[in-house]
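Fold and geometry: a report
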Amino acid sequence: MGYKKFFIYFLITGVILAGLYSLFIYKKDPLGYYHLKKESRYYSNNGRFQLPAFIKNLDYDTIIIGPSMSQNFNEQTIDQELHVKSFNAALSAASAKEQNYVYQLANKTHHNLKTVFWEINFDSLYGESNRVNNDSGTFPAYLYNTFPLDDIRYLFSSYSGELYFDSREAEKTNASVRTPYNVYKFGSGIPGQTPEQFKDTKVVNNQNPVPDGVSFQDMKENFDSNILPVLKEHPNQEFKLYYTPYPITYHVNNYNRSKQAFLDRLKIKEYVFRQVKDLNNVEIYDFQTEKKVTYTISNYLDGSHYFSTINDWMAQQFAQKAYLQSEEKIQENKAKLLDQVEHFKWKQLKTEK
């Protein structure tokens, strides 16, 4: 057999095998991208790959977007408090660009999308405006659009084969049955923090430079590129922007790293408000100065994340339109948070009785 004929046979065999593999992945569909199960012993722990299947296939008219600070919003609580049908699409450590991907897919696949709860998170706004998180593998942007040809990258990917074998292992080991609504919730069984853990935390007045990527300009460019256009281009949807209640110690630590960087965070809040104040479809909520939450250190399982009870509390505040921001409130909260940080003493911290 000549080399030319061998090469042709080899190529044909390769095409047939690749076609059979892609057909196998389509049928088994380890992410549920085409055939999502309402409950399963296996959903991928890699949320960047798994979440698009949920966003695309679940039924909802309200979506929650943000990083891990929003992951513990319970859809049932949101639905009861706000009379909506929601899905929580928050993604751990999600950048503003990744959040934009989440919104775009939800909007393209759900023509009935009415309301978007979108967390404005300082850590999501750092770095370049096109930043995505590649720590768990190259970010799969192809899963976040509706172009059929892009599906080839899922159907032909060796990673899809790995996911299939992971799903088989979950079935064999009789893993717990989960649903798309609880797979990424966290914090259960973890003890709350105590005031004594922060005995050595003191405010340090400093002139430290702003670290790379976290300046006001960086945050502004991220907001202007990934969030603001969405708000302006979809006037028939309601957008609830919100700042979550980090523990006061989180803000103190950021102030100590760089006072100017902390002041830039206050400045971006004012900037965001000025950009959206004339948009009738946008509201802003700010929970960051509520001392009954942020000084009760047992509300938190680590240096930033709170337990799901705080998510439930925020849902109630949304329903009552409490903590809604205005021109006056923005200035008041700016001054209040700065004052809380600069006069912080660890003995102010308390635990829930």
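Below: a short report on this structure. (Residues numbered from 1 in each chain as written. Predicted model: local features only at pLDDT ≥ 70, side-chain atom pairs only at ≥ 80, totals over all residues. Heavy atoms only, no water.)

Enumeration according to the criterion identifies 31 aromatic pairs in this entry. On the numbers, 6.1 Å between centres and 25° between planes, the contact of tyrosine 103 with tryptophan 118 is stacked. Of this pair, tyrosine 103 sits in helix 4 (residues 96-109) while tryptophan 118 sits in strand 3 (residues 115-119), placing them 15 residues apart in sequence. Both residues of the pair, tyrosine 103 and tryptophan 118, belong to the buried class. (Phe/Tyr/Trp six-rings, centres within 6.5 Å; stacked < 30°, edge-to-face > 60°. Helix = DSSP H or I, 4+ residues; strand = E, 2+ residues; numbered from the N terminus. Buried < 20%, exposed > 50% of the residue type's maximum accessible area, 1.4 Å probe, protein only.)

This next bit is on a nonpolar patch on the surface. On the surface, Ile8, Ile12, Ile16, Leu17 and Leu20 cluster together into a nonpolar patch covering about 470 Å² of accessible area. Among the secondary structure elements, isoleucine 8 is positioned in helix 1 (residues 3-28). On the basis of relative accessible area, isoleucine 8 is assigned to the partly exposed category, the value being 40%. (Patch = residues over 30% accessible without salt bridge, like charges linked within 9 Å, V, L, I, M, F, W, Y side chains within 5 Å. Areas by Shrake-Rupley, 256 points an atom, 1.4 Å probe, with all protein chains shown as cover. Salt bridge = Lys/Arg side-chain N within 4 Å of Asp/Glu carboxyl O.)

The rolling of a water-molecule-sized probe over the atoms marks out the regions of remaining empty space. The computed volume of the largest pocket comes to approximately 270 Å³. In this structure, the largest pocket is lined by 15 residues; those nearest its centre are Lys28, Asp29, Pro30, Lys37 and Ser167. The greatest single-element share of the lining of the largest pocket, amounting to four residues, is contributed by helix 6 (residues 158-172). Residue classes in the lining of the largest pocket are distributed as six nonpolar, four polar and five charged. Each pocket or cavity is described by its volume, and for the second largest pocket that value is around 210 Å³. (1 Å grid on protein atoms, 1.4 Å probe; cavity = no way out; pocket = protein on both sides within 12 Å on 5 of 7 lines; lining within 4 Å. Points joined across faces, edges and corners; volume = space filled by probe spheres on them. Nonpolar A, V, L, I, M, F, W, Y, C, P; charged D, E, K, R; others polar.)

Helix-helix packing: each pair is described by the crossing angle between the helix axes and the interaxial distance. Where helix 3 (residues 75-82) meets helix 12 (residues 308-320), the closest approach of the two axes is 9 Å, and the angle between their N-to-C directions is 20°. Judged by the angle between their axes, helix 3 and helix 12 are roughly parallel. Here helix 3 and helix 12 pass one another in a crossing that is right-handed. Contacts between helix 3 and helix 12 pair Thr77, Ile78, Glu81 and Leu82 from the former with Asp312, Ala315, Gln316, Phe318 and Ala319 from the latter. Here the residues of the contact of helix 3 with helix 12 are counted per class, giving five nonpolar, two polar and two charged. (Axes fitted to C-alpha atoms, helices over the stretch in contact; angles between N-to-C directions. Parallel < 35°, antiparallel > 145°, perpendicular 65-115°, else oblique. Left-handed = near helix turned anticlockwise from the far one by under 90°. Contact = heavy atoms within 4.5 Å.)

Structurally, the position occupied by arginine 178 is in the loop between helix 6 and helix 7 (216-226). For the pair arginine 178 and tyrosine 42, spaced 136 residues apart in sequence, the C-alpha separation works out to 7.4 Å. When near neighbours in sequence (up to four residues on either side) are disregarded, arginine 178 contacts Lys38, Glu39, Ser40, Tyr43, Asn45 and Val183.

We now examine helix 13 (residues 327-342). End to end, helix 13 covers 23 Å across 16 residues, agreeing with the expected 22 Å (1.5 Å per residue, within 8%). Lining the buried residues of helix 13 we find helix 9 (248-257), helix 10 (259-276), strand 5 (282-286) and helix 11 (291-294). (Expected span 1.5 Å × (residues − 1).)

Turning our attention to the sheet that holds strand 2 (residues 86-88). Ordered in space as 2-1-3-4-5, the five strands form an open sheet in which the pairing is parallel. The open sheet terminates on both sides in strands that have one partner only, identified here as strand 2 and strand 5. Ignoring which end each strand starts from, the neighbouring axes of this sheet average 15° apart. The sheet contact formed by strand 4 (residues 238-243) and strand 5 spans five bridges and is parallel. Counterpart to tyrosine 243 in the pairing with strand 5 is aspartate 286. Sheet contacts for helix 3: strand 1 (62-65), strand 2 and strand 3; angle to strand 2, the most-contacted strand, approximately 145°. (Pairing = 2+ DSSP bridges.)

Moving on: empty space enclosed by the protein. Scanning the entire structure with this criterion turns up two cavities of 30 Å³ or more. In this structure, the largest cavity spans a volume of roughly 80 Å³. Around the largest cavity, the lining residues are Leu51, Phe54, Gln71, Glu75, Phe87, Asn88, Ala90, Pro180, Val183, Tyr184 and Lys185. Looking at the lining of the largest cavity, the elements that each hand over two or more residues are helix 2 (47-57) and strand 2.

It is worth spelling out unusual backbone geometry at this point. For asparagine 174, which is not glycine, the phi torsion reads 55° and is therefore positive. Take asparagine 174: it is sitting in the loop between helix 6 and helix 7. One non-glycine residue, tyrosine 323, lies in the positive phi region at around 65°. Note on placement: tyrosine 323 falls in the loop between helix 12 and helix 13.

Summarising burial for strand 3: five of the five residues are buried, a large majority. Where burial is concerned, the two faces of strand 3 agree: the one with Thr115, Phe117 and Glu119 and the one with Val116 and Trp118 are both buried. One ladder, built from four bridges, connects strand 1 with strand 3; its direction is parallel. In the sheet register, isoleucine 65 faces strand 3, and the bridge partner there is tryptophan 118. One ladder, built from five bridges, connects strand 3 with strand 4; its direction is parallel. Across the sheet, the residue bridging to valine 116 is phenylalanine 239, located in strand 4.

This part covers helix 12. For helix 12, with 13 residues, the first-to-last C-alpha span of 19 Å sits near the 18 Å given by 1.5 Å per residue. Considered for burial, the residues of helix 12 that qualify are Ile310, Asn311, Trp313, Met314, Ala315, Gln317 and Phe318. The elements touched by buried residues of helix 12 are helix 3, strand 3, strand 4, strand 5 and helix 11. Following helix 12 by one or two positions, lysine 321 adopts a phi angle in the positive range, close to 55°.

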